[in-house]
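The chain contents come next:
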Amino acid sequence: LLPSTSFLKQHWPLPTKVFDATIFGAGNGSATADTAGIQAAVDAAAKAGHGAIAYIPAGTYVVTKSIKITGSDFVVGGAGTFLPNLR
């Protein structure tokens, strides 16, 4: 690596569609609703593709099983880590 190497992009594209996990029921403190709501937001963004985002706002969520993230041309993000180009 050279000192001039950068791992950060100067420009990030805006999402074409936003699928907020709280709209799908996550964030109300129920483990069942949180897990299902996050999964539903991820599934909706994956289905939409074309730069869509499954957005998980800041908050406390109870997730009782793994969230499956498959597909391409969408992102999962929110308050914290941004995971671009998931496949």
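Residues numbered from 1 in each chain as written. Predicted model: local features only at pLDDT ≥ 70, side-chain atom pairs only at ≥ 80, totals over all residues. Heavy atoms only, no water.

### Digging into the sheet that holds strand S3 (residues 74-78)
Adjacent strands of a sheet form backbone hydrogen bonds with each other and so pair up, either parallel or antiparallel.
Moving on, step 1. One open sheet holds the three strands; their spatial order is S1-S2-S3, and the pairing between them is parallel. Single-partner strands in this sheet number two, and they are strand S1 (18-20) and S3. Ignoring which end each strand starts from, the neighbouring axes of this sheet average 25 degrees apart.
Moving on, step 2. Sheet analysis places S1 next to strand S2 (residues 52-56), joined by three bridges and oriented parallel. Note that in S2 the partner of Phe19 across the bridge is Ala54.
Moving on, step 3. Against the sheet, helix H1 (residues 31-48) makes contact with S1, S2 and S3, and its axis sits at roughly 170 degrees relative to S2, the strand it touches most. (Pairing = 2+ DSSP bridges. Helix = DSSP H or I, 4+ residues; strand = E, 2+ residues; numbered from the N terminus. Axes fitted to C-alpha atoms, helices over the stretch in contact; angles between N-to-C directions. Contact = heavy atoms within 4.5 Å.)

### Topic: the pairing of S2
Moving on, step 1. Remark: the S1/H1/S2 crossover connection has right-handed handedness.
Moving on, step 2. Examined bridge by bridge, S2 and S3 share five bridges and lie parallel to one another. Bridging across to S3, Ala52 finds its partner in Phe74. (Right-handed = clockwise from strand over helix to strand, strands pointing away.)

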